[in-house]
Amino acid sequence: ENFSFFDLLFHLKENLNENIRIRISSVEITKIDEKIIDLIKNNKIFLNHMHIPIQSGSDFILEKMNRKYSKGEFINKINFIKKQIPNISITTDLIVGFPYENQPLFLETIATIEKCQFSKIHVFPFSKRENTPAYFMDEQVDSFEKKKRVKIILDISNKLEKKFNSKFINKEVYVLFEKKIKNENLMIGKSNEYVDLIAKYDKKHINKVVRVRVKSILDDLKLFGEII
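The notes below deal with the structure included here. (Residues numbered from 1 in each chain as written. Predicted model: local features only at pLDDT ≥ 70, side-chain atom pairs only at ≥ 80, totals over all residues. Heavy atoms only, no water.)

Phi is positive for Gln 55, which is not a glycine, with a value near 70°. Here Gln 55 is to be found in the loop between strand S2 (46-51) and helix H3 (59-64). Judged by relative accessible area, Gln 55 falls into the buried class, the value being 13%. (Helix = DSSP H or I, 4+ residues; strand = E, 2+ residues; numbered from the N terminus. Buried < 20%, exposed > 50% of the residue type's maximum accessible area, 1.4 Å probe, protein only.)

Okay, here's the thing in structure tokens:
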């Protein structure tokens with residue numbers, strides 16, 4: 001009997017304590033359908049964050065990678081998720097410098113990222129692995145160019161992250177405080193949107209989900225807030 005990704009999430013929702021929080025990480029876009037989005041939207045056990053790897057924003061490169069979706073399908077699904085779950089944080093993985101990725105194809109990836117408006121991008125330069133199809137491909141991208149592209153994507157990621165995190169200033173969020181910051185009278189945790197948030201340390205709030213009013217965004221893009 002087939003046990004689908006939806007079945008797994010539904011089973012977890014039905015059988016876990018309501019104080020548990022589930023974050024969906026590194027799930028393929030092809031696995032996310034309307035039933036799953038509806039389940040996440042209507043059950044507080046699921047965090048307001050999904051990590052969905054795109055790997056490339058170019059159809060030509062996606063095909064070379066043997067990915068099972070096009071950039072258009074990816075963009076449409078991301079837009080649909082955001083429409084259904086406002087304020088959801090969607091982060092992604094991206095590989096730059098895959099064989100055949102010339103400058104126009106890299107620019108195509110940048111355009112796709114801008115359309116998706118991710119809240120953060122984890123970027124990796126392509127590295128050759130022996131006996132994989134990509135290892136034997138022509139037109140390998142040189143390491144200097146790969147480093148340059150990583151920096152460009154990181155700059156874009158920082159802008160997108162700042163834009164997303166700034167939306168929460170003067171708003172209330174729920175934060176699971178995880179630990180006291182060493183040598184500071186502060187503690188740090190993650191909001192339901194998987195954003196780092198810092199507040200004044202109070203031992204009784206560690207390992208608890210607390211309502212926080214966001215006051216500002218710090219230089220390293222963490223939020224700063226006050227417990228309500």
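All right, on to the nonpolar core then. By size, the foremost hydrophobic cluster in this structure holds 38 residues, and its most contacted members are Met 50, Ile 52, Phe 74, Ile 81, Phe 118 and Ile 153. Leaving out residues up to four positions away in the same chain, Ile 153 has contacts with Leu 94, Val 96, Phe 106, Ile 110, Ile 113, Ile 121 and Val 123. Formed by 13 residues, the second largest nonpolar core is a distinct cluster that contains Phe 168, Val 173, Val 175 and Phe 177. (Core = buried A, V, L, I, M, F, W, Y, C linked by side-chain atoms within 4.5 Å. Contact = heavy atoms within 4.5 Å.)

Once that is clear, we can look at the pairing of strand S9 (residues 223-227). The pairing of strand S7 (residues 196-200) with S9 spans two bridges and is classified as parallel. Paired with Ile 198 across the strands is Phe 224, a residue of S9. Where strand S8 (residues 209-217) and S9 come together, five bridges link them in antiparallel fashion. Paired with Arg 213 across the two strands is Glu 226, which belongs to S9. Remark: five residues form the turn of the hairpin made by S8 and S9, two consecutive strands paired antiparallel; Leu 221 in that turn has positive phi of roughly 75°. (Pairing = 2+ DSSP bridges.)

To continue, consider the pattern of salt bridges. Evaluated as defined, the whole model comprises 13 salt bridges. A salt bridge links Arg 149 to Glu 145; its shortest N-O distance comes to 3.0 Å. Placement of the pair is Arg 149 and Glu 145 together in helix H6 (residues 143-166), with a separation of four residues, close to one helical turn. By the burial criterion, Arg 149 is buried, and Glu 145 matches it. Beyond isolated ion pairs, a larger network of salt bridges with shared partners links Glu 101, Glu 145, Lys 148 and Arg 149. (Salt bridge = Lys/Arg side-chain N within 4 Å of Asp/Glu carboxyl O.)

With parallel pairing, the four strands of this open sheet are ordered in space as S1-S2-S3-S4. Each end of this open sheet is capped by a strand with a single partner; those strands are strand S1 (22-24) and strand S4 (120-125). Taken over all neighbouring pairs, the strand axes of this sheet differ in orientation by 20° on average, direction set aside. By the bridge criterion, three bridges tie S2 to strand S3 (residues 89-96) in an arrangement that is parallel. (Axes fitted to C-alpha atoms, helices over the stretch in contact; angles between N-to-C directions.)

Moving on, we get to the layout of surface pockets. The rolling of a water-molecule-sized probe over the atoms marks out the regions of remaining empty space. One number sums up the size of the largest pocket: a volume of about 650 Å³. As for the largest pocket, its lining consists of 25 residues, and the residues nearest its centre are Lys 44, Ile 45, Phe 46, Tyr 174 and Asn 192. Elements that contribute at least two residues to the lining of the largest pocket include exactly helix H2 (34-41), S2 and strand S5 (172-180). Residue composition of the lining of the largest pocket, grouped by class: 12 nonpolar, five polar and eight charged. (1 Å grid on protein atoms, 1.4 Å probe; cavity = no way out; pocket = protein on both sides within 12 Å on 5 of 7 lines; lining within 4 Å. Points joined across faces, edges and corners; volume = space filled by probe spheres on them. Nonpolar A, V, L, I, M, F, W, Y, C, P; charged D, E, K, R; others polar.)

For H6, with 24 residues, the first-to-last C-alpha span of 34 Å sits near the 34 Å given by 1.5 Å per residue. Looking only at H6, the buried set comprises Glu 145, Lys 146, Arg 149, Val 150, Ile 153, Ile 156, Ser 157, Leu 160, Glu 161, Phe 164 and Asn 165. On the buried face of H6, the contacting elements are S3, helix H5 (103-116), S4, S8 and S9. Put simply, Asp 142 is the residue that caps the front of H6, since its side-chain oxygen is 3.0 Å from the backbone nitrogen of Phe 144. (Expected span 1.5 Å × (residues − 1). Polar contact = N/O pair within 3.5 Å; in protein donor to acceptor, adjacent residues only side chain to side chain.)

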